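Chain by chain, the residues run as shown.
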Amino acid sequence: MSVSCHWTSGYSTEAVWPWASPLLYVGLACAVGCSGLPLVNRHKDGKAPRGIELDT
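Definitions and limits used
- Residues numbered from 1 in each chain as written.
- Predicted model: local features only at pLDDT ≥ 70, side-chain atom pairs only at ≥ 80, totals over all residues.
- Heavy atoms only, no water.
- Helix = DSSP H or I, 4+ residues; strand = E, 2+ residues; numbered from the N terminus.
- Buried < 20%, exposed > 50% of the residue type's maximum accessible area, 1.4 Å probe, protein only.
- Areas by Shrake-Rupley, 256 points an atom, 1.4 Å probe, with all protein chains shown as cover.
- Pairing = 2+ DSSP bridges.
- pLDDT = per-residue confidence, 0-100.

### Focus: the overall build of the protein
Link 1 in the chain: Counting secondary structure elements, the protein contains 1 helix and 2 strands.
Link 2 in the chain: For the protein, the sequential pattern of α-helices and β-strands runs β-β-α.
Link 3 in the chain: Relative to its full complement of 56 residues, the protein shows a buried share of 4%.
Link 4 in the chain: When the accessible surface of the protein is totalled, it reaches about 5,500 Å², and 64% of it is carbon and sulfur.

Here it is, written out as structure tokens:
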């Protein structure tokens, strides 16, 4: 997606660079993935973390 501003003098500038949209989606995917990893690792085995004993 690219948006260009066209001036009356005939000069045009890019308002949004073509790489901006993919960069936003990659950043969102990384944020979701990185915030989900601790939850996946926490419930992966259903065990207490190493070094912590459970009271039974």
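### Some details on the pairing of strand E1 (residues 3-6)
In the case of a regular strand, side chains alternate between the two sheet surfaces.
Link 1 in the chain: Pairing of E1 with strand E2 (residues 12-16) involves 4 bridges; the strand directions are antiparallel. Across the sheet, the residue bridging to Cys-5 is Thr-13, located in E2.
Link 2 in the chain: From the end of E1 to the start of E2, which pair antiparallel, there are 5 residues, and Gly-10 there has a positive phi angle of about 95°.

### Describing the confidence of the model for the protein
Link 1 in the chain: The share of residues in the protein with pLDDT of 70 or more is 68%, and the mean pLDDT across the chain is 78.
Link 2 in the chain: Mean pLDDT across the secondary structure elements of the protein bottoms out at E2, with 79, and peaks at helix H1 (residues 20-43), with 86.

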